[in-house]
Amino acid sequence: MSDATPYTPPSVWTWNKANGGRFANINRPIAGPTHEQDLPRGKHPLQLYSLATPNGVKVTIMLEELLALGHHGAEYDAWLIRINEGHQFSSGFVGANPNSKIPALLDCSGPEPVRVFESGAILLYLAEKFGVYVPTEPAKRAECMSWLFWQMGSAPYLGGGFGHFYAYAPVKIEYAIDRFAMEVKRQMDVLNRRLAESRYVGGDDYTIADMAIWPWYGGMAKGQLYEGGQFLQVQEYTHVIRWADEIAKRPAVRRGRMVNRVMGPLETQLHERHEASDFDTQTQDKLKTAA
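Residues numbered from 1 in each chain as written. Predicted model: local features only at pLDDT ≥ 70, side-chain atom pairs only at ≥ 80, totals over all residues. Heavy atoms only, no water.

J.: Can you walk me through the overall build of the chain in this structure?
T.: Of regular secondary structure, the chain possesses 11 helices and 4 strands. A globule of 291 residues ought to have a C-alpha radius of gyration of about 19 Å, and the chain, at 20 Å, matches this closely. Referenced to the eigenvectors of the C-alpha coordinate spread, the extents of the chain come out at roughly 60 × 50 × 45 Å. Taking as baseline every contact in the chain between residues at least 6 positions apart, the subset at least 24 positions apart corresponds to 65%. For the chain, the exposed surface amounts to about 15000 Å²; the carbon and sulfur share of it is 54%. With 30 positive and 32 negative side-chain charges, the chain shows a separation of 2 Å between the mean positions of the two kinds. (Helix = DSSP H or I, 4+ residues; strand = E, 2+ residues; numbered from the N terminus. Rg over C-alpha atoms; globule rule 2.2 N^0.38 Å. Contact = heavy atoms within 4.5 Å. Areas by Shrake-Rupley, 256 points an atom, 1.4 Å probe, with all protein chains shown as cover. Lys, Arg positive; Asp, Glu negative; His and termini not counted. Charge placed at Lys NZ, Arg CZ, Asp CG, Glu CD.)

This is the structure we're talking about:
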């Protein structure tokens, strides 16, 4: 096996924008804002700036689960950040997340806004703020935290690794696809073995570990990511599929998947969320009919 054009790295790497492929318009080797633009603010305590990628969906699921439990302090405005258009490089967004990645959260419930970025950090922040979905007993908490951080460390192999080279790279590189397909299947096997012995990832109870893992690995198990289900033979992971189906039935999960969504059927797309009633009146199918 060999690539058509062997590549020898130069002694010093230089940025060639033409090599950016599908994401050439937003990928760059430096941080910081590209333009001045403030973030919008709504009336609710929590302001979310996001897009319904797997990382964004984690947080909207958590917020909808909190509201379902009656935590009114979890009311939120969800603002759409179109990452393909570079919204994440505005001065306002960089102020909320210097890493320019969605999601970013501002907690405006106190005298000064508190910024929280990285999806796992946001989940943990909200769980501790409201005292739910993270165990307090030390052993159970350790298990939950271990799986939460397993996801944070593992998913880049699924997305930036397998997803990129299998679905997005401008050329198909056998070595790269094989490398990351092998790792994703190993990870799916890790999760499948865990869920063979446990209802949820962290144990008997639904936690932020499930919310973090489900959008990535539940989506993969259901063949919903990168059109890679057949290639990876995801039907083999029966325990992951059982868990994924159970979580998908939760009403808060169904709502959370809709927020900041810009793909799929119009009735599943709620570009911005400012009130609970928006799920009934502001989805793209309703707005299109009204127009």
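Continuing now.
J.: Can you walk me through the sheet that holds strand 3 (residues 104–107) in this structure?
T.: For sheets, the rule is that strands pair by backbone hydrogen bonds, running either parallel or antiparallel. A sheet is described by the order of its strands in space; here 4 strands give the open sequence 2-1-3-4, paired in mixed fashion. In this open sheet, the two edge strands, each paired with only one partner strand, are strand 2 (76–80) and strand 4 (114–117). Pairwise comparison of adjacent strand axes, ignoring direction, gives a mean angle of 20° for this sheet. Pairing geometry for strand 1 (residues 46–50) and strand 3, over 4 bridges, is antiparallel. (Pairing = 2+ DSSP bridges. Axes fitted to C-alpha atoms, helices over the stretch in contact; angles between N-to-C directions.)

J.: When you look at the pattern of salt bridges in this model, what are you seeing that I'm missing?
T.: It is possible for side chains bearing opposite charge to pair when their charged atoms get close. As enumerated under the stated definition, the model contains 16 salt bridges in all. One salt bridge connects Arg 186 with Glu 183, and the closest N-O pair in it is separated by 2.9 Å. One end of the pair is Arg 186 and the other is Glu 183, both in helix 5 (residues 174–197) and 3 residues apart, which spans about a single turn. Taking relative accessible area as the criterion, Arg 186 reaches 45% and is therefore assigned partly exposed. Ionic pairing is found between Glu 246 and Arg 199, a salt bridge with its closest N-O pair at 2.5 Å. (Salt bridge = Lys/Arg side-chain N within 4 Å of Asp/Glu carboxyl O. Buried < 20%, exposed > 50% of the residue type's maximum accessible area, 1.4 Å probe, protein only.)

J.: Please clarify how the pairing of strand 2 should be interpreted in this entry.
T.: The buried count for strand 2 comes to 5 of 5 residues, which makes it a mostly enclosed element. Burial of the side chains of strand 2 extends over both faces: Tyr 76, Ala 78 and Leu 80 are buried on one face and Asp 77 and Trp 79 on the other. Sheet analysis places strand 1 next to strand 2, joined by 5 bridges and oriented parallel. Its bridge partner lying in strand 2, Tyr 49 is registered against Trp 79. With respect to chirality, the unit in which strand 1 leads through helix 1 (residues 54–68) into the neighbouring parallel strand 2 is right-handed. (Right-handed = clockwise from strand over helix to strand, strands pointing away.)

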